[in-house]
Amino acid sequence: MTTNQHTLKSRSGLWRRWQEIRLIGQDPVLGLGLLLVGVFVFLFIAWPLLRVIWQGFLNQETGAFDTTYFNQYFDPYYQRHNFFVLRNTLVMGFFTALGGTAMGFVFAYTVVRCNIPWPRFVHVLTLLPTISPPFAIAIAAILLFGRAGLVTKRILGIDFGQGVNDIYGIDGLVFVQIITFFSVAYLIIRSMLERLDPAMEEAALSLGASKFHIFRTVTLPLLIPGLAGSFLLLFVESLADLGNPILLGGNTTVLSTEIFLAVNGQFDQQKGAALSLVLLIPTLSVFLLQRYFVSRRSYVAVTGKPTGGQLLVKEPLIRWTFITITFAMLLLVLALYVSIVVGSFTTLWGINYTPDLSHYATAFTRGMNAILSTTFLSAVATPIAGLVGMIVAYMVVRKSFSGKETLDFVSNLGGAVPGTILGIGYIVAFIKAPIVVVGLVYALLAAYLAGNAAPGWPRRVGIIAVGTVLGYAFNWLPYFLRLDEDGWRWLLAAGLLLLALLAWRTALPGRGRHAALVLVAMALMLAIYNLSPLVTEPMIRWGRTLPGLVWPRVVGKTASAIKVFTQPTMAILGFTFLVVAVYVLAQIQERWRWLIAGGMLIFCASLVFFGSPLALVGTPYIVIAAYAVRSLPASVRAGVAALQQIDPSIEEASTNLGADAGYTFRRVTLPLILPAFFAGLIFAFARHMTSLSAIIFLTTAEWPILTVWILSEVEQGGMSTAAAYSVILIAIVLAAIGLLYLLLGRAFANQTDVDLSIG
């Protein structure tokens, strides 16, 4: 092929991609949805990970390029320790993945094939580790098998002297990690077992093959993608975990604890980032392998729930062996959780087992702020993760455009990489205003707005340039008029009201009211920003006068929660207004759109570039973003699984009848995927409440996180108080799940085809 042919092919490819983007952009709802999820994924997943990678090569003091911490892997002085830590990390991940996958398979095979008694009870107990803090099992293991444990000291009378093996170390850590993560493997393998078509197994049975031969030559090969995917997923989860290695590592150090100590102990961001990159290499490699195995599901006989029913195991020896192993492990899991509950009511575990409620009194007084903060931030992040996940799933399954695979991959990356890496990335990326990224996001949104305002690039560029320059100049107006920030916002509100009047006069027939009301709502939001302290500050003062320790904290946290909605950062407000401006512009006559777009850009640019835009460290918004990113893969996978089961002809019929993409998604697609949407919400909320590794770097005194408090209590020796916090956290998650089930009824309870293999 000649150079000219290569050039022509490249140009045709670029032209085709541009036409795909233009086609999506012609529908404002669809185009804006793609733009929003793209911005969210780039801003809160790709950008922090890129900053971590770069920070590992950047000297913290001089800002020069530096490979010191990477060179230590080849320096004989540091080499032994570094490779010892790396080996411990990989050993922990390998044996956790191996044991967890084996245990998950035994549970799944028993539940699906062995016709066990009380299958629903077994299923619920098996899922307990997924709704508890990641280190709850570690706390329980210490209570039962620690040096002052109930089993080891009180029942067996073991004296842990010099050289006596205890729960601390790599063996105890692997044991706890297996119990913590095996339920994930159980969900994946059970789903595959339920969907296997029994025709091949029945054919082999009719030809005289033994059950063991059928299992070895038919069933097991069909399950290999699921087993491999489970193994790789548990490997990543184990390497990413922070709580269990901190509590049970003992003299065994792994990379996640090294990263935590580098940032929180040595205050060395470069070292933490460099070690994060070392940890990122195996986890990202395994994540890619796991996606590969999941994509190979097309080779498996998965045809939905088989009409012929499952091929049940009826041989007493095999059946009761599986049932015995499963119930024995369930008793162990149940004993671990019972020990947490009992430990929370114990005066001093290991010494004084007298029932005592003081730990709950401490939790509901001193820890009330953490309980309320965690629940509130988790609840706020949950619908964000669910909505973004459904939009990503819709784009991936229903639309064809360049970059679709990248969007799918990066959206899942936030939950795949270790949380410690993401947490460090958030600190590095958002401790100062990321002006370049803010400018890029603003330019994309402004370009989309201008693209709907005027034809031709010269006019669009002119609208963006004039609006942005005037908006930035507007920020200097208070300086010359000697106004404070409140006065500046009042000026913006007045300008939006004038723009609302103009929009009402220039709107399409019958649309003026809609456009004007939206702009009035924007002005009202700025007014609420200024006026909300008149409500929240008296609330805080009144709360301090209340008796006791509980109600003052409840009232104070309520006031802080109100501020999250009424006083967001100016950049968040500006970006929100810029998105809403697209809807306003669609209501305006074409010949006046350039004027309305220019006016909107003035006010939005003023808000976006005010102060230090998106310097989010220390604010609750960065915790909300971290929560949403960590649970986004579950929402995406739930949406993808649901959309793949819906015939596209239903949506095509709506489009053929004249509905746009937004109306079709809202009135046709969304009701059909609603059960999967709420399944993603439940998974997301549970993940938020129990998250630790990413959040531990982002928590503040005003917004403490419950999992961080539990870890702090354990480190200070307050095992019973930590157990009380754990019980409260599990109760909150169970209550939220129960409430959603109650509200949704059987419509959600019957939704079982949710793909959790990647999420």
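Analysis parameters
- Residues numbered from 1 in each chain as written.
- Predicted model: local features only at pLDDT ≥ 70, side-chain atom pairs only at ≥ 80, totals over all residues.
- Heavy atoms only, no water.
- Helix = DSSP H or I, 4+ residues; strand = E, 2+ residues; numbered from the N terminus.
- Buried < 20%, exposed > 50% of the residue type's maximum accessible area, 1.4 Å probe, protein only.
- Contact = heavy atoms within 4.5 Å.
- Areas by Shrake-Rupley, 256 points an atom, 1.4 Å probe, with all protein chains shown as cover.
- Axes fitted to C-alpha atoms, helices over the stretch in contact; angles between N-to-C directions.
- Parallel < 35°, antiparallel > 145°, perpendicular 65-115°, else oblique.
- Nonpolar A, V, L, I, M, F, W, Y, C, P; charged D, E, K, R; others polar.
- Left-handed = near helix turned anticlockwise from the far one by under 90°.
- Core = buried A, V, L, I, M, F, W, Y, C linked by side-chain atoms within 4.5 Å.
- Pairing = 2+ DSSP bridges.
- Salt bridge = Lys/Arg side-chain N within 4 Å of Asp/Glu carboxyl O.
- Phe/Tyr/Trp six-rings, centres within 6.5 Å; stacked < 30°, edge-to-face > 60°.
- Expected span 1.5 Å × (residues − 1).
- pLDDT = per-residue confidence, 0-100.
- Polar contact = N/O pair within 3.5 Å; in protein donor to acceptor, adjacent residues only side chain to side chain.

## Some points on the overall build of the chain
- A tally of regular secondary structure across the chain gives 33 helices and two strands.
- Sorting the 759 residues of the chain into buried and exposed places 54% on the buried side.
- At a minimum sequence separation of 6, the contacts of the chain that also span at least 24 residues come to 82%.
- Surface accessibility of the chain: about 33900 Å² in total, with carbon and sulfur atoms responsible for 67%.

## Some points on the packing of helix H19 (residues 435-451) against helix H26 (residues 570-586)
- At a closest axis distance of 9 Å, the pairing of H19 and H26 adopts a crossing angle of 10 degrees. Of the possible angle classes, the one that applies to H19 and H26 is roughly parallel. Counting all contacts with H19, which are made through Val438, Val441, Tyr442, Leu445, Ala446, Tyr448 and Leu449, the residues of H26 involved are Phe575, Leu578, Val579, Ala581, Val582 and Leu585.
- Looking at the contact of H19 with H26 residue by residue, the class counts come to 13 nonpolar, no polar and no charged.

## Considerations on the packing of H19 against helix H20 (residues 457-474)
- Their axes nearest at 9 Å, the elements H19 and H20 cross at an angle of 125 degrees. Accordingly, the angle class assigned to the pair H19 and H20 is oblique. Judged by the sense of rotation from one axis to the other, the crossing of H19 with H20 is right-handed. Here Tyr442, Ala446, Ala447, Ala450 and Gly451 of H19 come into contact with H20, specifically with Arg460, Ile464 and Thr468.
- Residue composition of the contact of H19 with H20, by class: five nonpolar, two polar and one charged.

## Describing the environment of Ala694
- One can find Ala694 in the loop between helix H30 (661-690) and helix H31 (706-715).
- A sequence separation of 454 residues divides Ala694 from Ala240, and the C-alpha atoms of the two residues are 9.7 Å apart.
- Residues within four places of Ala694 in sequence aside, it is in contact with Gly419, Thr420, Gly423 and Arg630.

## Some words on the nonpolar core
- Counting 231 residues, the largest nonpolar core has Tyr426 and Met600 as the members making the most contacts within it.
- Once residues lying within four places of it in the same chain are set aside, the contact partners of Met600 are Leu449, Leu496, Leu499, Leu519, Met522, Phe577 and Ala581.

## Let's talk about the pairing of strand S2 (residues 352-355)
- As paired elements, strand S1 (residues 346-348) and S2 share two bridges and run antiparallel to each other. Looking at S2, one finds that Leu348 is bridged to Asn352.
- Where S1 folds back onto S2 in an antiparallel hairpin, the turn is made up of three residues, including Gly350, whose phi is positive at roughly 95 degrees.

## Section: the pattern of salt bridges
- Summed over the entire model, instances satisfying the criterion amount to three salt bridges.
- Arg366 is the partner of Glu713 in a salt bridge, and the nearest nitrogen-oxygen pair spans 2.5 Å. Taken together, the residues Glu713 in helix H31 and Arg366 in the loop between helix H15 (358-363) and helix H16 (368-398) connect sequence positions 347 residues apart.
- Here Glu713 falls in the buried class, since its relative accessible area comes to 9%.
- In this structure, Glu485 engages Arg489 in a salt bridge whose closest nitrogen and oxygen atoms are separated by 3.6 Å. Taken as a pair, Glu485 and Arg489 lie in helix H22 (residues 485-506) at a separation of four residues, close to a single helical turn.
- Each of Glu485, Asp486 and Arg489 takes part in a single network of salt bridges with overlapping partners.

## What to know about the packing of aromatic side chains
- As enumerated under the stated definition, the model contains 25 aromatic pairs in all.
- Aromatic side chains Tyr73 and Phe83 sit 5.6 Å apart centroid to centroid with 85 degrees between the ring planes, which places their arrangement in the edge-to-face category. Here Phe83 lies in helix H4 (residues 76-113) and Tyr73 lies in the loop between helix H3 (68-71) and H4, a separation of ten residues in the sequence.
- Between Tyr109 and Phe322 the ring centres are 4.9 Å apart and the planes differ by 40 degrees, which places this aromatic pair in the tilted class. Residue Tyr109 is found in helix H4, and its partner Phe322 is found in helix H14 (residues 316-344); the two are separated by 213 residues along the sequence. Each member of the pair, Tyr109 together with Phe322, is buried.

## Overview of H26
- Here H26 spans 25 Å end to end across 17 residues, near enough to the 24 Å set by a 1.5 Å rise per residue.
- For H26, the full list of buried residues reads Met570, Ala571, Leu573, Gly574, Phe575, Phe577, Leu578, Val579, Ala581, Val582, Val584 and Leu585.

## Details of the confidence of the model for the chain
- For the chain, per-residue confidence averages 83 on the pLDDT scale, and residues scoring 70 or more make up 89% of the total.
- Confidence over residues 297-308 falls short of pLDDT 50; this stretch has 27 contacts with residues more than four positions distant or in other chains.
- Here residues 747-759 is a poorly scored stretch, pLDDT under 50, and it has 42 contacts once near neighbours within four places are set aside; other chains count.

## Quick look at the side chain of Thr619
- Structurally, the position occupied by Thr619 is in the loop between helix H27 (593-608) and helix H28 (620-643).
- The exposure class of Thr619 is buried, given its relative accessible area of 18%.
- A distance of 2.6 Å separates a polar atom in the side chain of Thr619 from the backbone oxygen of Leu616.

## With respect to unusual backbone geometry
- Phi angles above zero are rare outside glycine, and Trp118 is one such case at about 50 degrees.
- Turning to its location among the elements, Trp118 is positioned in the loop between H4 and helix H5 (119-126).
- Overall, Trp118 belongs to the exposed group, its relative accessible area being 59%.
- Positive phi is not limited to glycine here, since Phe267 has a value of about 55 degrees.
- Here Phe267 falls in the exposed class, since its relative accessible area comes to 61%.

## Some words on the environment of Gly425
- Of note, Gly425 is situated in helix H18 (residues 419-430).
- For Gly425, a relative accessible area of 0% gives the class buried.
- For the pair Gly425 and Ser276, spaced 149 residues apart in the sequence, the C-alpha separation amounts to 9.5 Å.
- Among all residues touching Gly425, those that are not within four sequence positions of it are Pro48 and Val52.

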